[in-house]
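Notes for the structure review
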Amino acid sequence: WYQRRVRGVMSAASETPVHPDPARKRRKLLLGAGFVGCIAGSIALAGPFVAPALRKHCLPYLPATDNTIRLLFNDLKGARGPLIDLGSGDGRVVIEAAKQGFTAHGIELNIWLVLYSRLRSLLAGTSSKTKFFKADLWKTDLSPYNTIIVFGADSMMSDLSVKLKQETRPQTDIVSCRFPLDSEVWQSTSVIEDGHNPLWRYKQDETHCPDS
């Protein structure tokens, strides 16, 4: 009788449904939602930094050194605005250009860097002479500018050389930092050595005008 009684109790226990702890279930749901939120937030924040790298030509974000900026504007004495920085990053070149008397614009694919540049220019007191745009340099008309600065990548310089030759006006000053323009398209007027950041100066032919 005792053994039958024990077997009956064990059988009943095995048939009794086990209900999960509601509080524990909520914790799991919250943890799962938090994890998904973190992943989504990371993608949203990283997107503007990663997306430019997926393009055919990528301008890496490598801020110009203080010494490079000093040499750049020493070389540009006598140049005139408006000035544009192609791939303006955190805005430091454009802001310094404004301090030097230029009306200066910067174009940049990364919207966070564009917003940061605008804030930085406001704090520097140069916002009335600067503008920053989220824009693709390949779709930007360069003909309005008398001075053009580019911190480019080696892979893009050949295509950029052609674009500059087609769009710039006579006497346009161009400074290419880190990598030179294509020597078959442009002849530099001067070169300034700055360690790993040399500067090449170019000037558009007087006889050339961009296509209308």
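Further up the page is the structure itself.
Because the structure is a prediction, the values reported are computed rather than measured.

**Points about the side chain of Asp 90**
Tracing the backbone through its elements, the reader meets Asp 90 in the loop between strand S1 (83-86) and helix H4 (92-99). Asp 90 sits in the buried class, given a relative accessible area of 4%. At a separation of 2.7 Å, a polar atom in the side chain of Asp 90 contacts the side chain of Arg 92.

**Re the packing of helix H3 (residues 66-75) against H4**
At a minimum axis distance of 11 Å, the contact between H3 and H4 shows a crossing angle of 45 degrees. For the element pair H3 / H4, the angle class is oblique. Crossing geometry of H3 relative to H4 is assigned as right-handed. For the pair formed by H3 and H4, the contact residues are Ile 69, Leu 72 and Phe 73 on the first element and Arg 92, Val 93, Glu 96 and Ala 97 on the second. Looking at the contact of H3 with H4 residue by residue, the class counts come to five nonpolar, no polar and two charged.

**Points about the pairing of strand S7 (residues 199-203)**
Burial runs high along S7: four of the five residues are buried. Relative to S7, strand S5 (residues 173-177) is paired through five bridges, and the arrangement is antiparallel. Bridge assignment links Ser 176 to a residue of S7, and that residue is Trp 200. Inspection of the sheet shows strand S6 (residues 190-192) paired to S7 by three bridges, in the antiparallel sense. Its bridge partner lying in S7, Ile 192 is registered against Leu 199. In textbook terms, the turn of a hairpin is the stretch between consecutive antiparallel strands, and for S6 and S7 this stretch comprises six residues, one of which, Gly 195, has a positive phi near 65 degrees.

**Regarding helix H6 (residues 157-167)**
Residues spaced three or four apart along an α-helix face the same direction, because each turn holds 3.6 residues. Among the residues making up H6, those that are buried are Met 157, Leu 160, Ser 161, Lys 163, Leu 164, Lys 165 and Glu 167. Turning to H6, the residues buried within the fold contact S1, strand S4 (147-151) and S5.

**As for unusual backbone geometry**
In this chain, Gly 81 is followed by Pro 82 through a cis amide linkage whose omega measures 0 degrees. As for its position among the elements, Pro 82 is in the loop between H3 and S1. For Gln 171, which is not glycine, the phi torsion reads 70 degrees and is therefore positive. Backbone geometry places Arg 178, a non-glycine residue, at a positive phi of 80 degrees. For Arg 178, the location among the structural elements is in the loop between S5 and S6. Looking at Arg 178, the relative accessible area reads 15%, which means it is buried.

**Side note on the packing of aromatic side chains**
With the rule as written, the count across this model stands at two aromatic pairs. Seen from their ring centres, Phe 73 and Phe 102 are 6.2 Å apart, and the 50 degrees between their planes marks the pair as tilted. One end of the pair, Phe 73, is in helix H3; the other, Phe 102, is in the loop between H4 and strand S2 (104-108), with 29 residues separating them in the sequence. Across the pair, Phe 102 and Phe 73 agree in class, each one buried. A centroid spacing of 6.1 Å and a plane angle of 70 degrees characterise the contact between Trp 186 and Tyr 202, whose relative ring orientation is edge-to-face. Here Trp 186 is found in the loop between S5 and S6, whereas its partner Tyr 202 is found in strand S7, with 16 residues between them in sequence. Both residues of the pair, Trp 186 and Tyr 202, belong to the buried class. Its end group placed over the ring of Trp 186, Lys 165 keeps NZ or CZ at 4.0 Å from the ring centre.

What counts and what doesn't
- Residues numbered from 1 in each chain as written.
- Predicted model: local features only at pLDDT ≥ 70, side-chain atom pairs only at ≥ 80, totals over all residues.
- Heavy atoms only, no water.
- Helix = DSSP H or I, 4+ residues; strand = E, 2+ residues; numbered from the N terminus.
- Buried < 20%, exposed > 50% of the residue type's maximum accessible area, 1.4 Å probe, protein only.
- Polar contact = N/O pair within 3.5 Å; in protein donor to acceptor, adjacent residues only side chain to side chain.
- Axes fitted to C-alpha atoms, helices over the stretch in contact; angles between N-to-C directions.
- Parallel < 35°, antiparallel > 145°, perpendicular 65-115°, else oblique.
- Left-handed = near helix turned anticlockwise from the far one by under 90°.
- Contact = heavy atoms within 4.5 Å.
- Nonpolar A, V, L, I, M, F, W, Y, C, P; charged D, E, K, R; others polar.
- Pairing = 2+ DSSP bridges.
- Phe/Tyr/Trp six-rings, centres within 6.5 Å; stacked < 30°, edge-to-face > 60°.
- Lys NZ or Arg CZ within 6 Å of the ring centre and 35° of its normal.

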